[in-house]
Amino acid sequence: MTMASIIKFTESPSLSELSKSINSVIEEGAKTVLLLTCIDNNYDLDETEQILKTCTLPLCGAVFPKVIYKNKSYSHGAIVLGLMVSSKVVNYSMLTDSDTHLKNYIQTESKQIEHYQNFIIISDAFCNQCENFTDHFYDYMGSGISAIGGGAGSMDLLSYPVIFTNQGLVNNTTQVVALPCPITNNIGHGWEILEGPYLVTSSEGHYVHSLNYRPTFELYKEIIQNKIDSPLEDDFFNEYSKRFPLGIMSLDGDILVRDSLQTNGAYLECVGNVPVNSMIYLLHSDLHKMTLASEKVAQEVARKGIANTLLLFDCVTRDLLFGENIGDELEVIQRPFPNTSLVGVMALGEIANTTNGSIRLLNKSTVLGSF
Amino acid sequence: MNIAMHIMSIQHQLVLAIDKDPDLKKMLHHFLSLCSLSLNSTNCHIFLIKDKNNNPTYQLDINHEIQLKHYVSFPMKKNGLLSNEDTELSGLVNPFFQNNYDEQEQKVGSTLYHFFKIGDFGVLIIEREKSLDQAIRNALSPVLNKLAISTIAAINHHSLVIEIKTRQRVEEKISYQASHDFLTGLYNRMKIQEFLASAIDDCILQKQTGAILLINLAGFKNINDVMGYHVGDEVLQQAAIRLKVLIKDMGIVARFNGHEFIILLRGLPVNKSTVQPIINDVIADIIYAMEIPFEFIEGRFSLSCFIGYETFNNASKGVQDILKNASIAVYEAFKRGKDKALPYNEVMSKQLNDHISYTREIKQALAFNEFELHYQPQYDHLNNMIGAEALLRWNNPLRGYESPAVYIPIAEESDLIMQISSYVLQQACEDIKKLQQLPLPSSFKQVSINISAKQLAKHDFADTIILAIKKNQISPLNLKIEITESMMMSDIELSIACLEKLHDVGVECAIDDFGTGYSSLAYLKRLPASLLKIDRSFVTDIHKDPSNQAIANMVIKLANSLNMEVIAEGVETKQELDSLIALGCYQYQGFYFSRPLTFNKLVQCFEP
């Protein structure tokens, strides 16, 4: 039976506290060190590198907008998780734009973990190959694997070195932690169809150029305008896009949320690919539905077995929507696990298996894993 | 409405994926990844008919039972097992393919398989947790038609690409073989001539100098002869590598011929005084590189090389002129021996032409019987004639008697020496036959003939001598052969075997010019020789020269200890004779006793 991980949580943004916690979990017999820290800690890169390089155990993890401990989220502080299993950490740093090269690279690097079935995947959210990575990784590792993870980085949309490795903090990297124990996972979001469907008549990766042969932004604004009484301001996008994401519905009725990140007045840039000819919908939700969805996720994980370690990747936009009520969502997630402390992060995009088993990049979702 | 749109959306997404890439595998892989996405499948696969080379095909072989084989899956594995190793899956695909249905759903264990035919040569398999709605299955029909057409197009494209690549490879191979030496991988003689032609043009246009260095590996033949061609080949391969490493970008290395390499140096300065040091440096490096022992399992082999070179900086000399000149220069270097490398100069050509015309004259001399045998009598200390040495003389109609020192070395370079040797043997036997019919003094024992190295190296040497004796019906006791120490050393065992064979029939053997070459005393003891001949260089002024006395004394003592007789050559004065008698040498040959005589004059010596 897998032993519970050692958890060290600190609200302090200081590196010395982080260093102390790392040493502490090592002394207590951890075999792998997983670091989850806040971007606002502003760790000094050189000093961080020195600490990481002196770590004698395999080290992984990343810097996120916020960390979660029990039923609270924190914008300062760190969680040091001492995993009691020997994990294999692979850092995929040569993420090129060429799809063939990327596929070959991922296959070559993944040979060392090809016999593993359970993974934590942490990606630099601003590495534009994140979704292609998950597709190729899943293609190589195959169905039947189990994964949880999310995107690391800052809300200011700028790229920083955010992935912890034994060599220091790095950027433009996706990190896979292969665990020798099973991960039980579940996903949920609480978003429902408001309008649609719309046929994606032109798109390119993250960029949705036209829906039903009309510029995406134009149609998007029109739909939202029809839903509210007052005229929309020019800068309505920043406020409404959080509340009205897009969604791709699967054949079996699951909705894959696609957050719209920004616009140039014609296209919408989403967090994740939107294939041309796919059908998308305008989604909406409220705090109650989102909370119910998260509660269902936690209950489903709890139903599947004992959780020694609970790891949550919750979308940072949910935190924004919940605001000071985020504790409500975290509380319902923690509730089915009275003996296990919930740890996790507010992530920029979540990664997990969808209903058909494939690993997908999710938005505005809750990914909970236990192992 | 929404369901209809959804179906259309799926159709369009899948159709769009089909022509995405002309590469069949990539296209089908992309198609399957979209199937996974739009049909929410856990795994999807494509099985196709494959030909004997395991390439996909759409043409059915009616003579054989058709078996579909796995071609591509998305994802590649299921629960850690590669889909192409999934025997359960392939066990389901082929029965479906053989039946009359275009699509079928089948549940095996917890897996729900959906099979769809692709034309009459393939099957698409979709694995899902839930059953696919019939409307969706129907909607896939046009997608599968399109997939079949595009698969055929991609297979044709693939075949075309393979054919083009194969043709390219063949053409490249032919082109490579036409321009490269198969053993060393260096450029061959044909190709270096092309490079040389272009280098000549470059020199004119860019005001540069070029040089051709022809490298001959001296002693290489011995490796082939003694160790076999496989070792010789390895030596050539290693030598080629050394030269390539050494020359790098300075020029081009090629194998010219057998154990000859050629280097074309390009882009050298036009100024002669600047060029020469560069060439000298390259030559020094080549000589050094070639003299490093070659190491193999069979042992270490040391070689040296001779280099002839020719430079060019204008169009006055063509490709063949430059190659010929370098070849003449390397020949000259080889001939002289002391200089490892020589530049070509015109005198070499003149000498070579002289050499060639002289060789031609020797051939004519043989044809016109211009060679004669003269005999120099040999005496004992009591002034009894004990024998005679046959000496070859060329009575040139224009120049008179030519010195053997001039024409024998030239004849030895070619097979002419064998023709001359054959003449000597035959003529000597005929003369012995005539002598046997005369009242010879009892002291007169034999006529001796000189044997060439090439003769001795022949495996049938002894048989040739014995045959001549029989043919002329002479006593083998009347014929003696003279060989030198050094000519035996190339294959000492063969030499000993031949001489023993002759000894057994009664033909005696003398070691000529003893003391001038190198001998192994161990071998000397094994040789069935009965006579040592002290070289004339040790006899000249022996009465005044203590070192000559010492050498002669040593040879005499050695002969005594080996139970051999000893004869001194070149005895010209009474003082020399007295000294030899004092040292214990009692047989002589030289002007003091007699100059070489024509056969008639020799015969007269025995007339009463």
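Residues numbered from 1 in each chain as written. Chains lettered and ligands numbered in written order. Predicted model: local features only at pLDDT ≥ 70, side-chain atom pairs only at ≥ 80, totals over all residues. Heavy atoms only, no water.

J.: Explain the overall build of chain A to me, please; I cannot follow it from the model alone.
T.: Along its length, chain A carries 9 helices and 26 strands. In terms of overall size, chain A behaves like a compact globule, its C-alpha atoms giving a radius of gyration of 20 Å where 371 residues would be expected to give roughly 21 Å. Overall size of chain A, expressed as C-alpha extent along the three principal axes, is 60 × 45 × 40 Å. Here chain A holds 371 residues, and the buried ones make up 57% of them. Across chain A, the fraction of contacts at a sequence separation of at least 24, relative to all contacts at a separation of at least 6, is 80%. Surface summary for chain A: the accessible area is close to 14200 Å², and the carbon and sulfur share equals 48%. Looking at chain A, you have 24 positive and 42 negative side-chain charges, and the mean spots of the two groups are 6 Å apart. (Helix = DSSP H or I, 4+ residues; strand = E, 2+ residues; numbered from the N terminus. Rg over C-alpha atoms; globule rule 2.2 N^0.38 Å. Buried < 20%, exposed > 50% of the residue type's maximum accessible area, 1.4 Å probe, protein only. Contact = heavy atoms within 4.5 Å. Areas by Shrake-Rupley, 256 points an atom, 1.4 Å probe, with all protein chains shown as cover. Lys, Arg positive; Asp, Glu negative; His and termini not counted. Charge placed at Lys NZ, Arg CZ, Asp CG, Glu CD.)

J.: What's the story with the overall build of chain B in this structure? I'm lost.
T.: A count of helices and strands for chain B gives 21 helices and 24 strands. A compact globule built from 608 residues would reach a C-alpha radius of gyration of about 25 Å, whereas chain B, at 43 Å, exceeds it by more than 25%. Taken along the three principal axes of its C-alpha coordinates, chain B extends 145 × 60 × 45 Å. For chain B, buried positions account for 48% of its 608 residues. Contacts spanning at least 24 positions in sequence make up 65% of the contacts within chain B whose residues lie at least 6 apart. Accessible surface computed for chain B: about 30100 Å², of which carbon and sulfur atoms make up 54%.

J.: Whenever I open this one, the pattern of salt bridges confuses me. Can you help?
T.: Oppositely charged side chains may form a pair once their charged atoms are brought near each other. One pass over the full model with this rule turns up 39 salt bridges over all chains. As a salt-bridge pair, Lys77(B) and Glu114(A) come within 3.7 Å of each other at their nearest N and O atoms. Of this pair, Lys77(B) sits in strand 3 (residues 77-78) while Glu114(A) sits in the loop between helix 3 (99-110) and strand 8 (118-124), on two different chains. The exposure class of Glu114(A) is partly exposed, given its relative accessible area of 25%. Ionic pairing is found between Glu195(A) and Lys227(A), a salt bridge with its closest N-O pair at 2.6 Å. (Salt bridge = Lys/Arg side-chain N within 4 Å of Asp/Glu carboxyl O.)

J.: Is there a simple way to think about the domain arrangement of chain B in this case?
T.: Interfaces are often described in size by the accessible area the parts lose on coming together. Domain boundaries in chain B define domain 1 (2-162), domain 2 (189-344) and domain 3 (356-605). Centre-to-centre separation of domain 1 of chain B and domain 2 of chain B, based on C-alpha positions: 62 Å. (Domains from an automatic or database assignment.)

J.: Honestly, the sheet that holds strand 4 (residues 66-69) of chain A in this entry has me stumped. Any pointers?
T.: The pairing of strands in a sheet comes from backbone hydrogen bonds and takes either a parallel or an antiparallel form. Residues and elements named next belong to chain A. The strand order 5-4-23-22-26-13 describes an open sheet built from 6 strands, whose pairing is mixed. At either end of the open sheet lies a strand with only one pairing partner, and these are strand 5 (72-74) and strand 13 (184-188). Sheet twist, expressed as the average angle between the axes of neighbouring strands with direction ignored, equals 20°. With 5 bridges connecting them, strand 13 and strand 26 (residues 366-370) associate as antiparallel partners. Within strand 26, the position partnered with Thr 184 by the bridge is Ser 370. Across the sheet, helix 9 (residues 326-334) touches strand 4, strand 5, strand 22 (310-315), strand 23 (342-347) and strand 26, and the angle it forms with strand 22 is around 150°. (Pairing = 2+ DSSP bridges. Axes fitted to C-alpha atoms, helices over the stretch in contact; angles between N-to-C directions.)

J.: I tried to follow empty space enclosed by the protein on my own but got confused; where do I start?
T.: If you roll a probe as big as a water molecule over the atoms, it shows you where there is empty space left. All names here are of chain B. Applying the stated criterion to the full structure yields 4 cavities of 30 Å³ or more. Every residue lining the largest cavity is listed: Ile 432, Leu 435, Gln 436, Leu 440, Phe 444, Lys 445, Gln 446, Val 447 and Asn 478. Elements with a contribution of two residues or more to the lining of the largest cavity: helix 12 (416-436) and strand 18 (446-450). Per-element tally for the lining of the largest cavity: the top contributor is helix 12, with 3 residues. Among the residues forming the lining of the largest cavity, the class breakdown is 5 nonpolar, 3 polar and 1 charged. (1 Å grid on protein atoms, 1.4 Å probe; cavity = no way out; pocket = protein on both sides within 12 Å on 5 of 7 lines; lining within 4 Å. Points joined across faces, edges and corners; volume = space filled by probe spheres on them. Nonpolar A, V, L, I, M, F, W, Y, C, P; charged D, E, K, R; others polar.)

J.: Which parts of the structure should I look at to understand the side chain of Ser448(B)?
T.: With respect to the helices, strands and loops of the structure, Ser448(B) is situated in strand 18. Leave out the neighbours within four places in its chain, and Ser448(B) touches Gln378(B), Ala388(B), Glu389(B), Ala390(B), Lys480(B) and Glu482(B).

J.: Sorry, what's going on with the sheet that holds strand 12 (residues 174-179) of chain A here?
T.: Residues and elements named next belong to chain A. The sheet built from 6 strands is open, its strands ordered 7-12-8-9-24-25 with mixed pairing. Looking at which strands have only one partner, the edges of the open sheet turn out to be strand 7 (88-92) and strand 25 (359-362). Here the average twist between neighbouring strands, direction ignored, is 20°. Bridging between strand 7 and strand 12 involves 5 bridges; their strand directions are antiparallel. Bridge pairing in strand 12 places Asn 91 opposite Gln 175.

J.: Would you take a moment to explain the interface of chain A and chain B for this structure?
T.: Each partner contributes to the interface: chain A provides 29 residues, whereas chain B provides 31 residues. For the pair chain A and chain B, the two sides together bury roughly 2400 Å², of which 53% comes from carbon and sulfur. Where chain A packs against chain B, one counts 2 salt bridges. The shortest N-O distance in the salt bridge between Arg128(B) and Asp252(A) comes to 2.7 Å. (Buried area = accessible area lost by both parts, 1.4 Å probe.)

J.: Teacher, can you tell me more about the environment of Thr464(B) here?
T.: Residue and element names in this part refer to chain B. One can find Thr 464 in helix 14 (residues 461-472). Along the primary structure Thr 464 and Phe 256 are separated by 208 residues, whereas in three dimensions their C-alpha atoms are 38 Å apart. Looking at Thr 464, its side chain comes within polar contact range of the main-chain oxygen of Asp 460, at 2.7 Å. (Polar contact = N/O pair within 3.5 Å; in protein donor to acceptor, adjacent residues only side chain to side chain.)

J.: Explain the nonpolar core to me, please; I cannot follow it from the model alone.
T.: Within soluble globular proteins, side chains that are nonpolar tend to cluster in buried spots. Ranked by size, the top nonpolar core spans 79 residues in total, and within it Phe371(B) and Ile481(B) carry the most contacts. Sort the elements by how many residues they give to this core and helix 12 of chain B lands first, with 10 residues. The residues touching Phe371(B), leaving out its near neighbours within four places in the chain, are Ile362(B), Ala365(B), Leu366(B), Leu392(B), Arg393(B), Trp394(B), Tyr407(B), Ile420(B) and Tyr423(B). Judged by nonpolar contacts, the second largest core, of 76 residues, contains Ala30(A), Ile39(A), Ile122(A) and Leu232(A). (Core = buried A, V, L, I, M, F, W, Y, C linked by side-chain atoms within 4.5 Å.)

J.: What is the right way to read the packing of aromatic side chains from this model?
T.: Here a ring pair, both rings aromatic, is described through the centre-centre distance and the interplanar angle of the planes. Applying the stated criterion across every chain, the model contains 30 aromatic pairs over all chains. With a centroid separation of 5.0 Å and 80° between ring planes, the pair formed by Tyr207(A) and Tyr267(A) is classed as edge-to-face. One end of the pair, Tyr207(A), is in strand 15 (residues 207-211); the other, Tyr267(A), is in the loop between strand 19 (260-263) and strand 20 (268-270), and 60 residues separate them in sequence. We classify Tyr207(A) as partly exposed; its relative accessible area is 31%. Of the residues examined, Tyr267(A) reaches a relative accessible area of 22% and is grouped as partly exposed. The interplanar angle of 85° and the centroid separation of 5.5 Å between the aromatic rings of Phe306(B) and Phe334(B) together place this pair among those described as edge-to-face. With a gap of 28 residues between them, Phe306(B) in strand 13 (residues 304-312) and Phe334(B) in helix 9 (residues 319-336) connect regions that are remote in the sequence. Here a set of aromatic residues connected by ring pairs shows up, and it is made of Phe217(A), Tyr220(A), Phe236(A), Phe237(A), Tyr240(A) and Phe244(A). The ring of Phe306(B) has Lys340(B) lying over it, and the distance from NZ or CZ to the ring centre is 5.0 Å. (Phe/Tyr/Trp six-rings, centres within 6.5 Å; stacked < 30°, edge-to-face > 60°. Lys NZ or Arg CZ within 6 Å of the ring centre and 35° of its normal.)

J.: Is there a simple way to explain the domain arrangement of chain A in this structure?
T.: All names here are of chain A. Taken as a whole, chain A is organised into domain 1 (6-188 + 289-370) and domain 2 (192-284). A straight line from the C-alpha centre of domain 1 to that of domain 2 covers 28 Å. Listed by partner, the interface residues are 13 residues for domain 1 and 15 residues for domain 2. Where domain 1 abuts domain 2, roughly 1200 Å² becomes buried across the two surfaces, and 53% of that area is made up of carbon and sulfur atoms. The largest per-residue losses of area from domain 1 upon contact with domain 2 belong to Glu 131, Asn 363 and Lys 364, which jointly make up 41% of the total buried on that side. The tally of links between domain 1 and domain 2 comes to 3 salt bridges.

J.: Would you explain the environment of Phe47(B) in this entry?
T.: Residues and elements named next belong to chain B. Of note, Phe 47 is situated in strand 1 (residues 43-49). In this structure the C-alpha to C-alpha distance between Phe 47 and Leu 494, which are 447 residues apart in sequence, comes to 72 Å. Residue contacts for Phe 47: discarding those within four places in its chain leaves Leu 68, Lys 69, His 70, Tyr 71, Leu 89, Ser 90, Val 93, Phe 121, Gly 122, Val 123 and Ile 125.

J.: For this particular structure, what's the right way to read the pairing of strand 20 (residues 508-514) of chain B?
T.: Along any regular strand the residues' side chains alternate between the sheet's two faces. Residues and elements named next belong to chain B. For strand 20, a buried count of 5 out of 7 residues is recorded, marking the element as mostly surrounded by other parts of the structure. Summarising the sheet, strand 19 (residues 479-484) and strand 20 pair through 5 bridges and their orientation is parallel. Considered in strand 20, the bridge of Ile 481 is made with Cys 509. Taken together, the 3 bridges between strand 20 and strand 21 (residues 531-534) define a ladder with parallel strand orientation. Bridged to Ala 510 within strand 21 is Leu 531.

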